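# Residue-level structure breakdown
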Amino acid sequence: MEKFIQPFIDGSEEVFRDLCNTEVKAGRAFFVSKDEFESIWDISGIIGLSGDANGAVAISLREETAFELTRILTGNEHTTIDKFVTDAMGEIINIIAGNVKNIYEKKHRIKITMPSIIKGKAHSIVWPSEKARIICIPFTIFETQEFCLSIAVEQAK
């Protein structure tokens, strides 16, 4: 599992370091069943994957983390999940997925979709594959805040 998720960790660390001038620290990844996947998050950005692998990758955050990241990116304060916040979260997941795609492109043909955003307290993500297991990689950001990068991918037939 470590070889599979390391590009997602590296891609996330790079995006937050280079785009947001912020360090993140990955925690221990774990599997989550679809039945257990209850969101404690306020906003999620999702990118679909297709080609040699099918599935999705999602970043999920609490609103205060999304507001701080958007402030860093735009220079403006935000107190609601508005267009600027949703655009910022879409851009972050788009770059993470693009980085991972570039890493895997040497061995696998993978296409990514445009990002989709889900917002609202305790929202649910409906994953595109019934068979793929969900891997959650928790990250610490801004010393005390967290976000989760979730991956549900299966090899195409």
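Shown above is the structure to which this text applies.
So, about the packing of aromatic side chains. Scanning the entire structure with this criterion turns up 2 aromatic pairs. Each ring, one from F16 and one from F147, has its centre 4.9 Å from the other, and the planes form 35 degrees; the classification is tilted. Within this pair, whereas F16 is found in helix α1 (residues 2-18), its partner F147 is found in strand β8 (residues 145-155), the two being separated by 131 residues in sequence. F147 matches F16 in its accessibility class, with the two residues each being buried. Taken together, a centroid distance of 4.8 Å and an interplanar angle of 5 degrees make the contact between F139 and F147 stacked. Three or more aromatic residues joined by ring pairs make a cluster, and in this case those are F16, F139 and F147. The ring of F31 has R133 lying over it, and the distance from NZ or CZ to the ring centre is 3.7 Å.

Our focus in this paragraph is the nonpolar core. Counting 36 residues, the largest nonpolar core has F16, I59, M89, I92, I137 and L149 as the members making the most contacts within it. Looking at this core, the elements that each hand over two or more residues are α1, β3 (43-51), β4 (53-61), α2 (63-74), α3 (83-104), β7 (134-141) and β8. No other element matches α3, which puts 8 residues into this core. The contacts of F16, once residues within four sequence positions are left out, are N21, T22, V24, I59, L69, I92, I96, I141 and F147. Among the nonpolar cores identified, the runner-up in size contains 12 residues, and W41, I125, W127 and C148 belong to it.

Scoring rules and cut-offs
- Residues numbered from 1 in each chain as written.
- Predicted model: local features only at pLDDT ≥ 70, side-chain atom pairs only at ≥ 80, totals over all residues.
- Heavy atoms only, no water.
- Phe/Tyr/Trp six-rings, centres within 6.5 Å; stacked < 30°, edge-to-face > 60°.
- Helix = DSSP H or I, 4+ residues; strand = E, 2+ residues; numbered from the N terminus.
- Buried < 20%, exposed > 50% of the residue type's maximum accessible area, 1.4 Å probe, protein only.
- Lys NZ or Arg CZ within 6 Å of the ring centre and 35° of its normal.
- Core = buried A, V, L, I, M, F, W, Y, C linked by side-chain atoms within 4.5 Å.
- Contact = heavy atoms within 4.5 Å.

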